[in-house]
Amino acid sequence: MTATTNLAVATVKMADEYTSIQNRMKLYITDAQELTDVNAKLAQFSVANNVGLRETSTLFTRLAPAMQKIGANTAAVTSVVDAFGKSLRIGGATAMEAASATIQFSQAMASGKLSGDEFRSISEASPRFLKAIADGSGIAAEKLKAMSSAGALTTEVISKALLNEYPKLIEENKRLGITLEQGANALKTGFLVAFGEFNEGAGITKALGESMANLAQSMLTAAQGARQFGADVKKW
């Protein structure tokens, strides 16, 4: 019974996590078919690059508005997301390191520049990322740190450099073997998408969430009545 309960709880959590991801995605993609296509790409990136779907999607949703400001389309945004993920895998980052670096990178891109602790942490997680920026931008690698301190490693500079290096990163990534950790994370992503899509269609967590919210509202209303009843009893 305990194992069955734990499985049910884990499944609901996965479905709810996927719904949370979709809610953020829908803020930037309103066309249903385009959303389906981008979702499929992000899931593939997560599996191929050993980066969680939540982190990969977070990078997309933070990168999209920043790159749109400089005239980039959705295809360019997804390419940068994949290029960054591949640079982490090629650089030897573990799944935990990749998750942390991806969130930090997303924060940096949303702010408009990569600098300070974010630059240092990502550099440590993947030296290949630095090489991609240097080679893709034509900037000497030894100058990148100084540029980050000066706020010169902007979203535009980094995204264009990664797009330039994207074909090389794809080829390098093909030469890597799949580790047991990556296989396990790929399986997790597969379950997350499968249960998530089923839930999107069935609306299970939405119904549960609405029921819980309605119950909470009823409790709040009842609490107000109880307060008044208590005041009346005190007067009596």
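Our structure's up above, just so we're on the same page.
Residues numbered from 1 in each chain as written. Predicted model: local features only at pLDDT ≥ 70, side-chain atom pairs only at ≥ 80, totals over all residues. Heavy atoms only, no water.

Colleague: Whenever I open this one, the overall build of the protein confuses me. Can you help?
Modeller: Looking only at helices and strands, the protein has eleven helices and zero strands in total. Helices and strands in the protein line up, N terminus first, as α-α-α-α-α-α-α-α-α-α-α. Residues counted as buried form 37% of the 236 residues belonging to the protein. Restricting the contact set of the protein to residue pairs at least 6 apart, pairs at least 24 apart contribute 74%. As presented, the protein carries roughly 13100 Å² of accessible surface, and 60% of it is formed by carbon and sulfur atoms. (Helix = DSSP H or I, 4+ residues; strand = E, 2+ residues; numbered from the N terminus. Buried < 20%, exposed > 50% of the residue type's maximum accessible area, 1.4 Å probe, protein only. Contact = heavy atoms within 4.5 Å. Areas by Shrake-Rupley, 256 points an atom, 1.4 Å probe, with all protein chains shown as cover.)

Colleague: Which parts of the structure should I look at to understand unusual backbone geometry?
Modeller: Apart from glycine, the bulk of residues carry a negative phi angle, and the bulk of peptide bonds sit in the trans form. Even without being a glycine, N50 presents a positive backbone phi close to 60°. Among the secondary structure elements, N50 is positioned in the loop between α2 (32–49) and α3 (53–68). Judged by relative accessible area, which is 6%, N50 ranks as buried.

Colleague: Can you help me understand the pattern of salt bridges in this one?
Modeller: Pairing between side chains becomes possible if they bear opposite charge and their charged atoms approach one another. Summed over all chains, the structure comprises nine salt bridges. The closest approach of N and O atoms between D82 and K86, which form a salt bridge, is 2.9 Å. Note that D82 and K86 are positioned in helix α4 (residues 74–90) at a spacing of four residues, about one turn of the helix. Take D82 and K86: they sit in the same class, and that class is buried. Of the charged contacts in the structure, one is a salt bridge between E165 and K168, with a shortest N-O distance of 3.7 Å. With a gap of three residues between them, E165 and K168 both fall in helix α9 (residues 155–174), about one helical turn apart. Its relative accessible area of 4% is what places E165 among the buried residues. (Salt bridge = Lys/Arg side-chain N within 4 Å of Asp/Glu carboxyl O.)

Colleague: I'm lost on the side chain of S79 in this one. Help?
Modeller: Its location among the elements puts S79 in helix α4. Accessibility expressed as a relative area gives 18% for S79, which makes it buried. A distance of 2.9 Å separates a polar side-chain atom of S79 from the backbone oxygen of A75. Not counting residues up to four positions away in its chain, the partners in contact with S79 are L163 and Y166. (Polar contact = N/O pair within 3.5 Å; in protein donor to acceptor, adjacent residues only side chain to side chain.)

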